[in-house]
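Descriptive structure summary
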Amino acid sequence: MSRTTRIERYRNIGIMAHIDAGKTTLTERILYFTGRIHAMGEVHTGSTEMDWMVQEKLRGITITSAATTATWKPMRGPFAGLSHRINILDTPGHVDFTIEVERSLRVLDGAVAVFDASQGVEPQSETVWHQADRHGVPRIAFLNKMDKVGADFAMCLHSIRQRLDANPVPVQLPIGAGPEFRGLIDLLRMRAFFFDEETGESSEPREIPEPLRAEAETLRLRLIEACAEVESTLLQKYVEGRLEDITEEELELALRTGTLQRQLVPVLCGAAFKNKGVRTLLDGIINYLPAPSDVTRASRDEEPLCALVFKLMHDKAVGSIVFLRVYSGTLRTGMTVLNTRQQRRERVGRLMFMHANKREEVDEVHAGDICAALNLRGVRTGDTLCALEAPVVLETLHFPEPVIQLAVEARSRTDQQKMEEGLTRLAAEDPSLRVEVDPETGQQLLSGMGELHLEIVVDRLRTEYGVEASVGQPKVAWRETLRQRVRQEYSHIRQTGGPGQYAQVVMEVGPAPRGSGLVFVDETQGGVIPKEFIPAIEKGVAGAMQRGVLSGHPVVDVEVRLVDGKTHVRDSTPQAFTVAGSLAFQEAARRAGVQLLEPVMDVEVTTPEEFLGDVLGDLSARRGRVRGMEGHGTVRRISALVPMASLFGYVTSLRGRTQGRASATLRLATYEPVPDALQASVLAAAHP
Ligand SMILES: Nc1nc2c(ncn2[C@@H]2O[C@H](COP(=O)(O)OP(=O)(O)OP(=O)(O)O)[C@@H](O)[C@H]2O)c(=O)[nH]1
């Protein structure tokens, strides 16, 4: 099957938002308007097409970023009347699932940021916005819930400017707000549209209502100014005062250029729930967000294949599903490709497009496509698949560090096996979940991004794998690092019976800056240790760091300088040097002194003013340091740094003390040294 839609007419987009801003409802309406589904699901009845996993239905929140495809012909703008293909990557709004946001951002070309118009920018949208900044993703903003009491267009623009440091440029002005939200003024055409209350469809264009004329004109001028900063021809007309010569097309194109260059963010609004503003948003997606060919020049079908694996999923019926974004070339079933990261060849089995929980099988996919492949066995998230003759490695995904740990134990021997299998699959799907076995207790240890994250893993073990597990108390995922620099000599010599082992190393071991992991430098001279043994030594050090020295938690941020060593002609082997590296490091770490580090979270609490004192008192009792506070109406937003160790159950306790009216988001800010008294008690608990 050859390409059906030209690559210039693709839009690979994500929809990002704070939890409850209406992302699922909006996605659903988009699928409805683009003819993909015929019945509209409602989130509260648990029937939406995107939220298809059981837990998602039960909890009403979006966990998995499913990819889905839709077709849209914009009514107006430079692409009017042309059929476009929109691939939507759903991204969750909850902070415990940043990995999902991160992997979507890695493969999408543009995004719609959805805000609750009565709230403005909320903490999680801020986090996701900055993640998108890091990935250089062009965005448009959609102010949803304009029908809600308290919806405030001007407040939202202000908060986008202030909190996101962005340049919001409204292309619409709402007519009324809250229950009075009746229509939109199109600031490019300077016409008004009114909604049908039943269907949400807009009327024929009309005159702008007199009371809104002045505001519309001010905003249009603001729009022209923003476009003039992007396009010099517009600037000319603007400075010469020839505003009436500026055409709608010129403005559309300047808005597109400005969005692609990330100089501005077009702002649209509506109420997804009532179908209001969804069609104009779809037009906006096509008109302002980039095609794959705007982002990567080489994205052509004739180029050699290059694709990124951004997600793995296990499906009971078909087995492992690998989600791919094709950057260039064509991928066909039966083709052999190279997985450059794993250094192995893969034969491509079945290929398909995913429409939420339905699948469309195809025999080839092209540059720009987001698709799923079955039975690619050795593939991991972040791998690159490419043509055998043109190997490349794409930058992999950034996996967040886990902050908490949970021991789980199967209730029976048969469950044990099912649990191991289930955990292996869940960890393959979710690289932010780590699974290991506690060497002392033999229990499975799960490490993850937060309490909710691990709760869901345990829940999935039960519902998808039928495993009843006993779950321990969640613990902090501590880290160790070294207190000072030491010089360490170590000889590993075994010469009794059989082939001997001989390896001697001399290294300087000490702390390295936060976030550097292991910095290993070979400074040996004159070939005292042959080059082929150096990686073996590094492997030994890395293994010892992973196992930890005092508490069984990994050692991080260490510099190791290999300065000297000795070999034996017959008895020196890579294995002997790995052992020497490992034991030298352990000895050095003990002498240098181990400092326990703890994850410190960035906590953002939104609370009604009346609970402010109580919330602050509680944060300080939890060793929290308040960094900032701001108010919006009677609602206060507090930002604080709090150690993970004192945050267990925080969200539940916060709800309890504020009658369910305050909310909080937590994300890892940094690792900090643990106070000595606490370190002593953690170590005592590790070695009772
Ligand atoms: N008043 C009003 N409510 C809306 C609108 N859109 C969505 N909602 C409601 O807001 C709530 C949250 O909507 P969702 O679509 O689940 O939000 P979400 O952002 O997908 O939430 P998560 O998946 O949990 O991140 C639901 O109760 C919706 O019915 C709207 O336009 N107006």
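Before going into details, it helps to say that this report is about the structure given with it. (Residues numbered from 1 in each chain as written. Predicted model: local features only at pLDDT ≥ 70, side-chain atom pairs only at ≥ 80, totals over all residues. Heavy atoms only, no water.)

**Describing the overall build of the chain**
Looking only at helices and strands, one finds 17 helices and 34 strands in the chain. Dimensions of the chain, computed from C-alpha atoms along their principal axes, come out at roughly 95 × 65 × 60 Å. For the chain, with 688 residues in total, the buried portion stands at 56%. Counting contacts in the chain only where the partners sit at least 6 residues apart, residues at least 24 apart contribute 73% of the total. (Helix = DSSP H or I, 4+ residues; strand = E, 2+ residues; numbered from the N terminus. Buried < 20%, exposed > 50% of the residue type's maximum accessible area, 1.4 Å probe, protein only. Contact = heavy atoms within 4.5 Å.)

**Some words on helix α4 (residues 123–134)**
Quick reminder: α-helices carry 3.6 residues per turn. Residues three or four places apart thus point the same way. Its twelve residues place the ends of α4 17 Å apart at the C-alpha level, agreeing with the 16 Å of an ideal helix rising 1.5 Å per residue. Of all twelve residues in α4, nine are buried; the element is thus mostly enclosed. Regarding α4, the residues found buried are Pro 123, Gln 124, Ser 125, Glu 126, Thr 127, Val 128, Trp 129, Gln 131 and Ala 132. Gly 136 lies just past α4 and shows a positive phi near 65°. (Expected span 1.5 Å × (residues − 1).)

**A few points about the nonpolar core**
By size, the foremost hydrophobic cluster in this structure holds 98 residues, and its most contacted members are Leu 26, Val 112, Phe 115, Leu 143, Ile 185 and Ile 285. Considering every element that reaches this core, the biggest residue donor is helix α6 (residues 210–228), with eight residues. Leaving out residues up to four positions away in the same chain, Phe 115 has contacts with Ala 21, Gly 120, Val 121, Ser 125, Trp 129, Ala 141, Phe 142, Leu 143, Asn 144, Ile 160 and Leu 164. Counting 34 residues, the second-largest nonpolar core is a separate cluster that includes Val 403, Tyr 465, Met 601 and Leu 612. (Core = buried A, V, L, I, M, F, W, Y, C linked by side-chain atoms within 4.5 Å.)

**Thoughts on the sheet that holds strand β27 (residues 486–494)**
In spatial order, the strands read β27-β28-β30-β29; together these four strands make up an open sheet with mixed pairing. Whereas interior strands pair on both sides, the edge strands pair on one side only; in this sheet they are β27 and β29 (518–522). Sheet twist, expressed as the average angle between the axes of neighbouring strands with direction ignored, equals 25°. Where β27 lies against strand β28 (residues 501–511), nine bridges are found, and the strand directions are antiparallel. Looking at the pairing, His 492 lines up with Ala 503 of β28. Each of β28, β29 and β30 (558–566) touches helix α13 (residues 534–547); the most contacted strand, β29, lies at about 155° to it. (Pairing = 2+ DSSP bridges. Axes fitted to C-alpha atoms, helices over the stretch in contact; angles between N-to-C directions.)

**Considerations on the pairing of strand β4 (residues 110–116)**
Burial analysis of β4 places seven of its seven residues in the buried class, the great majority of the element. Every second residue of β4 is oriented toward a common face, with Gly 110, Val 112, Val 114 and Asp 116 on one face and Ala 111, Ala 113 and Phe 115 on the other, all of them buried. Bridge count for β4 against strand β5 (residues 139–144) is six bridges, and the pairing is parallel. Of the residues in β5, the one forming a bridge with Ala 111 is Arg 139. Once the chain exits β4 it traverses α4 before rejoining the sheet at β5, and the crossover so formed is right-handed. (Right-handed = clockwise from strand over helix to strand, strands pointing away.)

**Describing helix α14 (residues 574–592)**
The end-to-end C-alpha separation of α14 is 26 Å, in line with the 27 Å expected for 19 residues at 1.5 Å each. Regarding α14, the residues found buried are Ala 576, Phe 577, Ala 580, Gly 581, Ser 582, Ala 584, Phe 585, Gln 586, Ala 588, Ala 589 and Ala 592. On its buried face, α14 is in contact with β26 (479–482), β27, β28, α13, β30 and β31 (594–608). In the stretch just after α14, Gly 593 is the one whose phi turns positive, near 90°.

**A few points about the packing of aromatic side chains**
For the coordinates displayed, the defined rule picks out five aromatic pairs. Centroid distance Tyr 32 to Phe 33: 5.5 Å. Interplanar angle 75°. Geometry classified as edge-to-face. Take Phe 33: its relative accessible area is 12%, and that puts it in the buried class. Ring geometry for Phe 115 versus Trp 129: centroids 6.4 Å apart, planes at 40°, classification tilted. With a gap of 14 residues between them, Phe 115 in strand β4 and Trp 129 in helix α4 connect regions that are remote in the sequence. Exposure remark for Phe 115: the relative accessible area of 2% places this residue in the buried category. For the cation-ring pair, Arg 85 lies above Phe 353, with the distance from its terminal atom to the ring centre recorded as 4.4 Å. It is Arg 139 that lies over the ring of Trp 129; its NZ or CZ is 4.3 Å from the centre. (Phe/Tyr/Trp six-rings, centres within 6.5 Å; stacked < 30°, edge-to-face > 60°. Lys NZ or Arg CZ within 6 Å of the ring centre and 35° of its normal.)

Geometric values such as these leave the question of function open.
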